[in-house]
Amino acid sequence: MVLVTGATGFLGSEVAKQLADKGEAVRCTKRTSSVIPALLIPYTQIEWVDADLLDIFALEDSLDGVNQVYHCAAWVSLKQKDKEPMINTNVKGTANLVNLCLGRDVKLVHVSSIAAIGVAKPSELITENHHLDIATEDDGYAISKLESEMEVWRGIAEGLNAVIVNPSLIIGANAGVLGSGQLFETVRKGLKFYTEGTAGFVDVKDVAKCMIALMESDISEQRYIISAENRNYHQLTTEIAQGFGIKPPSILAKPWMMGLAWRAARLASLITGKAPAIDKIAAQASTQTRNFDNSKIKAATGIEFKPISQTILEVCERLSG
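Residues numbered from 1 in each chain as written. Predicted model: local features only at pLDDT ≥ 70, side-chain atom pairs only at ≥ 80, totals over all residues. Heavy atoms only, no water.

1. Concerning unusual backbone geometry
This is how the line gets drawn: Think of it this way: any DSSP run of H or I at least four residues long counts as a helix, any run of E at least two long counts as a strand, and we number them from the N terminus. Only protein chains enter the accessibility calculation, which uses a 1.4 Å probe; a residue whose area is less than 20% of its type maximum is buried, one above 50% is exposed, and one in between is partly exposed.
Although it is not a glycine, serine 123 adopts a positive phi angle of roughly 80°. Looking at the element boundaries, serine 123 is found in the loop between strand E5 (107–111) and helix H4 (140–157). Judged by its relative accessible area of 82%, serine 123 falls in the exposed class. For glutamate 221, which is not glycine, the phi dihedral falls at a positive 60°. With respect to the element layout, glutamate 221 can be found in the loop between helix H6 (204–215) and strand E10 (222–226).

Right, dumping it as structure tokens:
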């Protein structure tokens, strides 16, 4: 039996789908209030259980008969008010799962993020050997993912069979207008500005493929960046605009302009009570150059990543439909 946490989310649902397509016996956890995604409704063989990661008794029940666990569940928020509760929830939830897996014949594939990876020197690629400096980090999500990783490493030190994956920015048609889909929707609405930052991007299907390949291998006690291509945001937003058949962003937003933008957005949110359109973390990230090395995961799995240009077209077609 295979257990997938976070299967109502973008990545978790794709992992569950691919496992079900392979004929695996799949059990998925969800919160009581969560809705089963449309992607998984046809898969009647998937067993759904209500098990919050902070409910250790429900979580323990969900592990009955399980020998493989894909831990995709996490609270993702850029809101400053969510910072501390998000860190607590993500870290404690992972610790609970690790503790329950210890002493069982279970292999764990834990989903972290490139947010938990450090930075490289200028002109160098970021690898799995770079580590985030938690003392200077202000991004609550990044802190939560790094500290969650530490719980997995603690479990490994105590005998847990586990692998950690750090996906870059995951895109795919099933994201809709949430998460990475927000970028596509923003461009679609007529984004005029672009930034000089770069980041790694990967198709959601490839992330799931890599995770399953690592689970089915003898690999353990390793950390893998999963990223297909490094793209600058100008190139990316231009391709997205072309996919929608609209004019691409043409005005360079310099770092000082992004600084004004997030401050203005924060002020507007205080007045309206709505979440800011952009926050400090996102504004800073959009101007940073972060290029990732994917050679380790390619060597481990032999994967040939799907071209990001193809995924961009698929997302644009879905949102245009």
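2. A look at the nonpolar core
Condition: Residues grouped as a nonpolar core are buried Ala, Val, Leu, Ile, Met, Phe, Trp, Tyr and Cys residues, joined through side-chain atoms within 4.5 Å. Working rule for contacts: check all heavy atoms of both residues, and any pair within 4.5 Å makes them a contact.
If you look at the biggest cluster of nonpolar residues, it comprises 51 residues, and the most contacted ones within it are Val4, Val15, Tyr70, Phe184 and Met211. By residue number, the principal contributor to this core is H6, which donates eight residues. Those residues in contact with valine 15 that sit more than four places away from it in its chain are Val4, Tyr70, Cys72, Ala208, Met211 and Ile212. Counting 18 residues, the second largest nonpolar core, distinct from the first, contains Val66, Leu97, Val98 and Leu100.

3. Points about a negative patch on the surface
Selection rule: Candidate patch residues must exceed 30% relative accessible area and have no salt bridge, after which like charges are joined if within 9 Å and Val, Leu, Ile, Met, Phe, Trp or Tyr side chains if within 5 Å. Where accessible areas are quoted, they stem from the Shrake-Rupley method and a 1.4 Å probe; at the residue level, only the protein chains shown are allowed to cover. In the sections that follow, a salt bridge refers to a side-chain nitrogen of Lys or Arg positioned within 4 Å of a carboxyl oxygen of Asp or Glu. Here Asp and Glu are counted as negative and Lys and Arg as positive; His is not counted, and neither are the chain ends. Charge positions are represented by NZ for Lys, CZ for Arg, CG for Asp and CD for Glu.
Taken together, the side chains of Asp52, Asp55, Asp61 and Asp64 define an acidic patch exposed on the protein surface. As for its placement among the helices and strands, aspartate 61 is situated in helix H2 (residues 56–62).

4. Quick notes on the environment of lysine 145
Inspection of the secondary structure assignment puts lysine 145 in helix H4. When the C-alpha positions of lysine 145 and methionine 86 are compared, they lie 10.0 Å apart, and in sequence the two are 59 residues distant. In contact with lysine 145, not counting residues within four places along its chain, are Ala74, Val111, Ser112, Ser113 and Ala116.

5. A closer look at H4
The test is simple: In this scheme, a helix's expected span is set at 1.5 Å multiplied by one less than its residue total. Any pair of N or O atoms that falls within 3.5 Å is considered a polar contact. Within protein, one atom must be able to donate a hydrogen and the other to accept it, and sequence-neighbouring residues count only if both atoms are side-chain atoms.
With 18 residues, H4 extends 26 Å between its outermost C-alpha atoms, agreeing within 8% with the 26 Å of an ideal straight helix rising 1.5 Å per residue. Counting buried positions along H4 yields 13 of 18 residues, so the element is predominantly enclosed. A distance of 3.0 Å separates the backbone nitrogen of tyrosine 141 from a side-chain oxygen at the start of H4, and that oxygen is part of aspartate 139.

6. Things to note about the pattern of salt bridges
By the definition in use, this model includes 14 salt bridges. Put simply, glutamate 158 and arginine 154 hold a salt bridge, and the shortest N to O gap is 3.7 Å. Residue classification places arginine 154 among the partly exposed positions, given a relative accessible area of 24%. When salt bridges with common partners are traced through the structure, they connect Glu151, Arg154 and Glu158 into a single cluster.

7. So, the packing of aromatic side chains
Counted only if it meets this: Each pair of aromatic rings taken from Phe, Tyr and Trp, with Trp reduced to its six-membered ring, is defined by centres within 6.5 Å and is described as stacked if the planes are under 30 degrees apart, edge-to-face if over 60, and tilted in the remaining cases. By the criterion adopted, a ring carries a charge over it if an Arg CZ or a Lys NZ lies within 6 Å of its centre and within 35 degrees of its normal.
Taken as a whole and judged by the stated rule, the model has one aromatic pair. Each ring, one from phenylalanine 201 and one from tyrosine 233, has its centre 6.2 Å from the other, and the planes form 85°; the classification is edge-to-face. With a gap of 32 residues between them, phenylalanine 201 in strand E9 (residues 198–203) and tyrosine 233 in helix H7 (residues 233–244) connect regions that are remote in the sequence. Taking relative accessible area as the criterion, phenylalanine 201 reaches 2% and is therefore assigned buried. Overall, tyrosine 233 belongs to the buried group, its relative accessible area being 15%. The cationic tip of lysine 296 hangs over the ring face of tyrosine 224; the distance from NZ or CZ to the ring centre is 4.8 Å.

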